[in-house]
Amino acid sequence: MTKRHSSNDDRQNYTKLDNDYVRNADKATNHKVQSRKRKMRRIVFFAVVPVVIIGFLLNVLTHQNETLAAKEKKKVEVEQQLAKLKEEQELLNLEITQLEDDEYIAKILRKEYFLSEEGEIIFALPKKDDKKDD
């Protein structure tokens, strides 16, 4: 049986010719290899860079959506608070207009401070409780 030599062993046994044809063939081979490397680098660059940019933009978009949702929630809360404050303001304005009326003031004085007009008798009745003692 004969033993086969690997390609590395074959290269050691041969010498390379040094003429124009061989040099041009080597240059062409090297040029093809370099060209293929450049193409692969371009492909990798134009595949990776857009993916990175798209990922960054998606991250920014997600962050902005979260911020927008938080601000919308805050807006709803502030609008509810504003509605309550407007309602309170309307009640206070109503009270102000009522306090300008002398009859209303007299009614409050009679009710809260047990003041009476001349000849009027005030009876203080105990407040009714929801719980009854049996």
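Residues numbered from 1 in each chain as written. Predicted model: local features only at pLDDT ≥ 70, side-chain atom pairs only at ≥ 80, totals over all residues. Heavy atoms only, no water.

(A) Examining the overall build of the protein more closely. Counting secondary structure elements, the protein contains three helices and zero strands. Tracing the protein from N to C terminus, the helices and strands come up as α-α-α. The burial tally for the protein puts 1% of its 134 residues in the buried class. Summing over all exposed atoms, the protein offers an accessible surface of approximately 14100 Å²; the carbon and sulfur share of this is 56%. (Helix = DSSP H or I, 4+ residues; strand = E, 2+ residues; numbered from the N terminus. Buried < 20%, exposed > 50% of the residue type's maximum accessible area, 1.4 Å probe, protein only. Areas by Shrake-Rupley, 256 points an atom, 1.4 Å probe, with all protein chains shown as cover.)

(B) Spatial organisation of the confidence of the model for the protein. Of all residues in the protein, 87% have pLDDT values of 70 or greater, and the mean over the chain is 85. Per-residue pLDDT, averaged within each element of the protein, yields its smallest value for helix α1 (residues 7–13) (59) and its largest for helix α2 (residues 20–99) (94). (pLDDT = per-residue confidence, 0-100.)

(C) Just the pattern of salt bridges, in detail. Tallied over the full model, the rule gives two salt bridges. In this structure, Arg23 engages Asp18 in a salt bridge whose closest nitrogen and oxygen atoms are separated by 3.3 Å. Assessed through its relative accessible area of 39%, Arg23 is described here as partly exposed. A relative accessible area of 64% means that Asp18 is categorised as exposed. A salt bridge links Asp20 to Arg23, with the nearest nitrogen and oxygen atoms 2.6 Å apart. Here the residue Asp20 and the residue Arg23 both occupy positions in helix α2, the gap between them amounting to three residues, near one helical turn. Among the ionic contacts, a cluster of salt bridges with common partners joins Asp18, Asp20 and Arg23. (Salt bridge = Lys/Arg side-chain N within 4 Å of Asp/Glu carboxyl O.)

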